[in-house]
Amino acid sequence: MSVILTACRNVNKPKSGKRRKPKPKSAHRHRSSAGAAGGAEYGYVDASSVKMWTWALDDEPVTVIFRRDTMEVWVGDEKAETMCNFSEHGAEMDFCVGSHKARIRSMQGCDRKQRIIHTLSVDGYVIPEETT
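Residues numbered from 1 in each chain as written. Predicted model: local features only at pLDDT ≥ 70, side-chain atom pairs only at ≥ 80, totals over all residues. Heavy atoms only, no water.

**Describing the nonpolar core**
What counts is decided by this rule: To qualify as a nonpolar core, a set must consist of buried Ala, Val, Leu, Ile, Met, Phe, Trp, Tyr and Cys residues joined through side-chain atoms within 4.5 Å. To sort residues, take the accessible area from a 1.4 Å probe on protein chains only and compare it with the maximum for the residue type: under 20% means buried, over 50% means exposed, and anything in between is partly exposed. Contacts are assigned to residue pairs that have any heavy atoms within 4.5 Å of one another.
One finds Trp-53, Trp-55, Val-64, Phe-95, Val-97, Ile-104 and Leu-120 to be the most contacted residues of the largest nonpolar core, which totals 17 residues. Contacts of Leu-120, omitting those with residues within four sequence positions, involve Trp-53, Trp-55, Val-64, Phe-95, Ala-102, Arg-103, Ile-104, Tyr-125, Val-126 and Ile-127.

This is the structure we're talking about:
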């Protein structure tokens with residue numbers, strides 16, 4: 001019986017060392033480039049928090065990455081300076097892609113179960129999102 005009593009004595013003492021937060025099992029994580037990671041450091045970005053568009057502009061491939069969690073816009077590997085406008089219908093972020101004016105619109109879907117819809121337009125033309 002003395003063995004059981006002494007085994008329970010150290011239950012309330014904190015354990016030494018750092019505790020790690022458990023990672024969500026359902027989250028898909030992808031290795032990101034330096035631009036999408038937010039600078040020179042390399043990190044992991046949750047795929048559900050990133051929206052990406054890739055297309056050819058002036059015969060050059062262009063990639064725009066929008067991070068939903070930080071509201072950052074990346075054009076290639078460069079962070080774009082944005083000007084945000086908020087209204088009752090959603091948010092608009094204006095920025096430049098080279099000499100072209102671009103805008104990302106964020107609005108609620110028609111149904112309450114739908115997530116927020118993000119659309120990119122460059123010089124007034126809507127760019128389809130990347131589906132790969």
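**Some details on the environment of Phe-86**
What counts here: We count a stretch as a helix when DSSP gives it H or I for four or more residues in a row; a strand needs E for two or more, and each element gets its number in order from the N terminus.
Assignment of secondary structure puts Phe-86 in strand S7 (residues 83-87). For Phe-86, a relative accessible area of 63% corresponds to the exposed category. Put simply, Phe-86 and Arg-105 are 19 residues apart on the chain and 10.0 Å apart in space, counted from C-alpha to C-alpha.

**A few points about the environment of Pro-61**
If you trace the backbone, Pro-61 turns up in strand S4 (residues 60-67). Looking at Pro-61, the relative accessible area reads 71%, which means it is exposed. Distance in space between the C-alpha atoms of Pro-61 and Gly-76 is 9.2 Å, their sequence separation being 15 residues.

**Side note on the side chain of Ser-49**
With respect to the secondary-structure elements, Ser-49 resides in the loop between strand S2 (44-46) and strand S3 (50-57). Excluding residues that lie within four positions of it along the chain, Ser-49 makes contacts with Phe-66, Arg-67, Arg-68 and Asp-69.

**Some words on a negative patch on the surface**
Basically, it comes down to this: Patch membership requires more than 30% relative accessible area and the absence of a salt bridge. Residues of like charge join within 9 Å; the nonpolar side chains Val, Leu, Ile, Met, Phe, Trp and Tyr join within 5 Å. Residue exposure ignores everything except the shown protein chains as possible cover, and the areas themselves are Shrake-Rupley values with a 1.4 Å probe. In what follows, salt bridge is the name for a side-chain nitrogen of Lys or Arg lying within 4 Å of a carboxyl oxygen of Asp or Glu. Positive charges come from Lys and Arg, negative ones from Asp and Glu, while His and the chain ends are left out of the count. All charge positions are set by atom: Lys at NZ, Arg at CZ, Asp at CG, Glu at CD.
There is a patch of like negative charges on the surface, built from Asp-58, Asp-59, Glu-60 and Asp-123. Note that Glu-60 resides in strand S4.

**A few points about the environment of Val-73**
Mapped onto the fold, Val-73 is located in strand S5 (residues 72-75). Among the residues examined, Val-73 registers a relative accessible area of 1% and is labelled buried. Between the C-alpha atom of Val-73 and that of Ile-104, which follows or precedes it by 31 residues, the distance is 9.1 Å. Excluding its chain neighbours within four sequence positions, the residues that come into contact with Val-73 are Val-64, Ile-65, Phe-66, Glu-78, Lys-79, Ala-80, Thr-82, Phe-95 and Ile-104.

**Focus: the pairing of S4**
On any regular strand, side chains alternate: one points to one face of the sheet, the next to the other face. As a reminder, the rule being used: Here, a strand pair is defined by DSSP locating no fewer than two bridges between the strands.
As paired strands, S3 and S4 are joined by eight bridges and run antiparallel to one another. By the bridge assignment for S4, Trp-53 is matched with Val-64. Between the end of S3 and the start of S4, which pair antiparallel, lie two residues, with Asp-58 showing a positive phi angle near 55°. Bridge count for S4 against S5 is four bridges, and the pairing is antiparallel. Bridge pairing in S5 links Val-64 to Val-75.

Take it as geometry only, folks, not as evidence of what the structure does.
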